[in-house]
Structures are given as structure tokens and as C-alpha cells.
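In case you want the letters, here they are:
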Amino acid sequence: MGDTAELETLNYRLTNIEGKLESLEKLLTTDALQQRDISDLQKSVSNFLDAVNAHEARIKALELAPLQTRAEKWTVIVDYIFKAIIALTCTMLLSKVGLSL
């Protein structure tokens, strides 16, 4: 009698353990699938953010294009004025030294 009670107890415990293992297996499978979905979503978000950043850079470039053309015009004008001032200064120095051009 004692052996059958022990066997029934062991059988009950094993059945209980098997049920819990099955539920853990299902949970792990579900978790693995969710992790894969999360990983896919993270990749999608990363790609989306890269695209948004690229578009922001293009928009800034387009916004600054007219300003850059005006700035280039003034850069050329200032460059010519600076060269003229240097040429006049050199001419004045050479004329004071006694060389004529």
C-alpha cells in the first residue's frame, strides 16, 4: 500500500512537472518569436530614422543653396578687393623704395 501511494505521488508530481515544462516551453517559444518581432521592428525603425536624417540633410542643403550662391558672390568680391589692396600697397612700397612700374 505504501508503495502505491508513493508511486501515485511521484506520478502526480511528474505529471505536474511535465505540465509546467510544457507551459515553459510554450512561453519560451512565444518569447523567442516576440524577440524576433522586436528585432525586426528595431531594424525598421533604424532604417526609417536613417531615411529621415538623410532627408533632413537634403532639406538643409536645399534651404542653404540660395544663401551659398550669394555668399560665393560676396567671397569673390571680397577676394578681388583684398587682392587690389595688396597690389596697391605693394605698388606704393615699391614706388617709395624707388622702383617704378
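In this report, the structure presented in the accompanying data block is examined.

Conventions and cut-offs
Residues numbered from 1 in each chain as written. Predicted model: local features only at pLDDT ≥ 70, side-chain atom pairs only at ≥ 80, totals over all residues. Heavy atoms only, no water. Helix = DSSP H or I, 4+ residues; strand = E, 2+ residues; numbered from the N terminus. Rg over C-alpha atoms; globule rule 2.2 N^0.38 Å. Buried < 20%, exposed > 50% of the residue type's maximum accessible area, 1.4 Å probe, protein only. Patch = residues over 30% accessible without salt bridge, like charges linked within 9 Å, V, L, I, M, F, W, Y side chains within 5 Å. Areas by Shrake-Rupley, 256 points an atom, 1.4 Å probe, with all protein chains shown as cover. Salt bridge = Lys/Arg side-chain N within 4 Å of Asp/Glu carboxyl O.

1. Looking at the overall build of the chain
Here is step 1 of the chain: Counting its regular elements, the chain contains one helix and zero strands.
Here is step 2 of the chain: Taking 13 Å as the expected radius of gyration for a compact globule of 101 residues, we find that the chain reaches 41 Å, considerably beyond that expectation.
Here is step 3 of the chain: With respect to the principal axes defined by its C-alpha atoms, the chain has extents near 135 × 30 × 10 Å.
Here is step 4 of the chain: Out of the 101 residues in the chain, the part that is buried amounts to 0%.

2. Some points on a nonpolar patch on the surface
Here is step 1 of the chain: On the surface, Leu14, Ile17, Leu21, Leu24 and Leu27 cluster together into a nonpolar patch covering about 500 Å² of accessible area.
Here is step 2 of the chain: Tracing the backbone shows Leu21 in helix α1 (residues 2–97).

3. Section: the environment of Asp3
Here is step 1 of the chain: If you trace the backbone, Asp3 turns up in helix α1.
Here is step 2 of the chain: When its relative accessible area of 58% is taken as the criterion, Asp3 is described as exposed.
Here is step 3 of the chain: Spatially, the C-alpha atoms of Asp3 and Ser46 are 63 Å apart, while their sequence positions differ by 43 residues.

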